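Next come the chains, spelled out residue by residue.
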Amino acid sequence: MNLYIRYFDKETLVYSVDEAIDFLCSIPEVGMNPQIEADVREYAESDVLYPKRYKVRPRVYFIIIKTEAATMLDFKQKKALRPAGQQQERRDSVQPAVGRLTEERQGWYEGMLDFKRVVMVPSTGKHEYRDTHFVARCKALSGIDCYNRIVEHLRERVDSRSQFPSAKGKNFRFKYLGMWK
């Protein structure tokens, strides 16, 4: 696997971790240190395929992308995309969770929701977002019905500027507890 590295207008496609580290050392602003070097090596050796960005200073990053591209031109023209099989496997692993969400199964559900709640800070009188974990048990027809009931309940009780996640995202989980009597 090759590595594409970009820092503003400086970019390269390298074929080994050592070449990547040499490239990053050639950019004084990056401030290469043993910690960044170890992290780059760990990223290159891992099975993780998504791009990785490293903070140089506030709002300034360099990125590293794993690619199968043999040349910079191939990378720019997106000729080295992952095989369709890998993308299909990932889709298949996501589908069951989404399918489970809409599967109708009447009974008791336990829903766990992580959302951004707007609260007032007493010392300043200003409002801020706080990560809030909420767990509720309710009667529902499906996972999505459980989500809708929880969000409806919270909307009546928290500031209207609070932000709720998608039912399909990682911030909502549910468990089927059993049939109601």
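Provided above is the structure to which this section pertains.
Notes on the structure in this doc start here. Keep in mind that what you see is a predicted model, and the values were worked out from it rather than measured.

Things to note about helix α1 (residues 17–25)
Taken together, the buried positions of α1 are Val17, Ala20, Ile21, Phe23 and Leu24. The arc that holds every buried residue of α1, seen down its axis, measures 160 degrees, which confines them to one face. For α1, the secondary structure elements touched by its buried residues are β1 (2–7), β2 (10–14), α2 (34–45) and β4 (60–67).

With respect to the sheet that holds strand β7 (residues 172–178)
The strand order across the open sheet formed by 3 strands is β6-β5-β7, and the pairing between neighbours is antiparallel. Looking at the sheet topology across the chains shown, the edges are occupied by β6 (127–140) and β7. Sheet twist, expressed as the average angle between the axes of neighbouring strands with direction ignored, equals 25 degrees. Where strand β5 (residues 107–120) lies against β7, 6 bridges are found, and the strand directions are antiparallel.

Concerning α2
If you check α2, its first and last C-alpha atoms are 16 Å apart, about what 12 residues at 1.5 Å a residue would give, namely 16 Å. Turning to α2, its buried residues number three or more, namely Ile36, Val40 and Tyr43. Mapping the buried residues of α2 onto a view down its axis gives an arc of 65 degrees, with all of them on the same face. Residues of α2 that are exposed and point more than 90 degrees away from the buried face comprise Pro34, Gln35, Glu42 and Glu45. Against the buried residues of α2 lie β1, α1, β3 (52–57) and β4.

Section: the pattern of salt bridges
By the definition in use, this model includes 13 salt bridges. The partner of Lys76 in a salt bridge is Glu11, and the shortest N-O contact between them spans 2.9 Å. Placement of the pair is Lys76 in helix α3 (residues 72–76) and Glu11 in strand β2, with a sequence separation of 65 residues. When its relative accessible area of 46% is taken as the criterion, Lys76 is described as partly exposed. Measuring nitrogen to oxygen at the nearest pair gives 3.7 Å for the salt bridge that ties Arg173 to Asp114.

Calculation notes
- Residues numbered from 1 in each chain as written.
- Predicted model: local features only at pLDDT ≥ 70, side-chain atom pairs only at ≥ 80, totals over all residues.
- Heavy atoms only, no water.
- Buried < 20%, exposed > 50% of the residue type's maximum accessible area, 1.4 Å probe, protein only.
- Helix = DSSP H or I, 4+ residues; strand = E, 2+ residues; numbered from the N terminus.
- Arc of directions from axis to C-beta.
- Contact = heavy atoms within 4.5 Å.
- Pairing = 2+ DSSP bridges.
- Axes fitted to C-alpha atoms, helices over the stretch in contact; angles between N-to-C directions.
- Expected span 1.5 Å × (residues − 1).
- Salt bridge = Lys/Arg side-chain N within 4 Å of Asp/Glu carboxyl O.

That's the geometry; what it means functionally is another story.
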